[in-house]
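# Working through the structure, step by step
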Amino acid sequence: MPETSAPESEGAIETRGLEPVPDSERSGRVRELFPTWVAANISVLLLTMGAGLVVFNRLNIWQVLVVAVAAPVVSYGLTGLISIAGKRGGSPGMALSRAVFGQRGNLFPGSLIWVARWGWETINAVTGAYAVLTVLDLLFGVKSSTTLIVVTLLLFVGCTFLVSGLGINALRRCSTWSTYLFGAFSVLVLVYLIAGTDWSAVFAKPAGSTAMMIAGIGTIAAGGISWVPSGPDFTRYLPRTASGRGMVAATVGGAGVVVLPMVLMGAVMAVSTPDLASAKDPVSFIGELLPSWIAVPYLLIALIGMLLINSMSMYSAGFTAQTLGINVPRAWAVSVNAIISLVFGFLLMVVATSFFGSFISFLTLLAVAFSAWIGVFGVDMLSRRTYDGEALMDTTRTSGYWYRGGFAWQAMTAWGVALVTGLLFTKVDWFTGPLAGSWIGRNGLGWAATVVVAALLYAALPRTKAGEPAPAETEKVPEPAGSLSI
């Protein structure tokens, strides 16, 4: 796309696709990442997941606290680290991935990640639709029906498509305001719970096993891991001199400030309402546990948060679709995911018998699918300081990232072996790997094994760098003191 006189990042609607952002348009600030990652976690599903730690993992409140602290540090720490590639290359994560896997090779992890996003967007669309149904029931006594399910799904997905189509600036502004509103009402809910909870019952609950606590960390962290390939999408408008440490801190801080209290609140709620974690509807319990004057505005604000989560996911999915060769504008690429989430969302709301079981199984497989890419891309980042913008956009044999036949075989080998290894240790409702009974499998660490295998194998394989700009072409802008230089 030709450059315009006004930076695209300043417009109301973002029109830039995969092409790198010129330095002249990099007006973003590191502190803008904080509300972005707050918004990415505003979901009542965290309450349900916190309840699951008590009901299914049988953890006590102190173990839940450890899980709620460790999970965002691990998962969003990885997201923050990988997002550094965004300021270096100025392109979305899956476009930068071409430099690692090759122009053709990148189609394989790209396709898997794109498909995985269908599930994530479906889960969020269903949760948002349930929130609308719950509000209608609380305010007007309107009960759910198949027709109403279709209408609420259409409304939620349509709004998601609109916001994600506007682009990065719309997401930033919505994220900032939703952060303030959700934070204020979360404090109100927290005060209500503190006043009305039987704390003796909460603290009297016996501790669960260490294995279940580790597995709980993996379950909560899976949501953050799914954002790792998208990290560069939200940092490509940052100047090259932006602090890497600041980026990681803003990412972890923004996620943690939501994940920690939400998971703890869910755990506290589960003590008095143990069937919360197994409910088919993951939202309506809020109307049962909280008075309407708190529940209705809280759900409406949470609905905005879930809308933003899906908008951010679809925003990134549009880029991923473009890297797969779907040659349409990003906003149109987003529409593919919108239609898919509508169809799958209807099936989950009308046909599925257990929302929580389907959700946890999906999260487990999602973490493995993304972790193989994380291990390979992360190791490559350790030795790569720049990306060749022209080579990224050139999908022909003349590309500097063509390698052999369009594939970087070292990256492909490490990715494939790690993916299979992770599945061997994985157990979900409809699939059990042959090594799921091992220590790694019992502790829910299949995703961690996937990252380690991918990283070690890719680091060990001999490889050559391709497509690096010549020294004279590389902008010599030193990173500031205190920045993360990896």
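The present account deals with the structure reproduced in this document. Everything numeric in this text was worked out from a predicted model, so none of it was measured.

## Side note on the overall build of the chain
- Regarding its fold elements, the chain presents 19 helices and two strands.
- Nonlocal contacts in the chain, meaning residues at least 24 apart in sequence, comprise 87% of its contacts between residues at least 6 apart.
- By element, 69% of the accessible surface of the chain is carried by carbon and sulfur atoms, the whole surface being about 18,600 Å².

## Observations regarding the pattern of salt bridges
- Scanning all chains against the criterion turns up four salt bridges.
- Here D23 ties to R26 by a salt bridge, and the two come within 3.7 Å at their closest N and O atoms.
- Using a relative accessible area of 32% as the deciding quantity, one classes D23 as partly exposed.
- We classify R26 as buried; its relative accessible area is 7%.
- Where D23 meets R240, a salt bridge forms, and the shortest distance between an N and an O atom there is 3.0 Å. A residue pair is termed long-range when its members are at least 10 positions apart, and D23 in the segment before α1 (33-39) and R240 in the loop between α10 (210-225) and α11 (244-272) qualify at 217 residues.
- Taken together, the shared-partner salt bridges in this structure form one network comprising D23, R26 and R240.

## Quick notes on the nonpolar core
- Core analysis: the biggest nonpolar cluster contains 136 residues, and I286, W373, V376, F377 and Y387 have the highest contact counts within it.
- Among all residues touching V376, those that are not within four sequence positions of it are V100, F101, A411, A414, W415, A454 and Y458.

## Some words on unusual backbone geometry
- Unlike most non-glycine residues, R58 shows phi in positive territory, near 60°.
- Counting through the fold element by element, R58 comes out in the loop between α2 (45-55) and α3 (61-89).
- The exposed category is assigned to R58, whose relative accessible area is 58%.
- A positive phi angle is found at Y403, which is not glycine, with a value near 55°.
- Inspection of the secondary structure puts Y403 in the loop between α16 (389-393) and α17 (409-424).

Thresholds applied
- Residues numbered from 1 in each chain as written.
- Predicted model: local features only at pLDDT ≥ 70, side-chain atom pairs only at ≥ 80, totals over all residues.
- Heavy atoms only, no water.
- Helix = DSSP H or I, 4+ residues; strand = E, 2+ residues; numbered from the N terminus.
- Contact = heavy atoms within 4.5 Å.
- Areas by Shrake-Rupley, 256 points an atom, 1.4 Å probe, with all protein chains shown as cover.
- Salt bridge = Lys/Arg side-chain N within 4 Å of Asp/Glu carboxyl O.
- Buried < 20%, exposed > 50% of the residue type's maximum accessible area, 1.4 Å probe, protein only.
- Core = buried A, V, L, I, M, F, W, Y, C linked by side-chain atoms within 4.5 Å.

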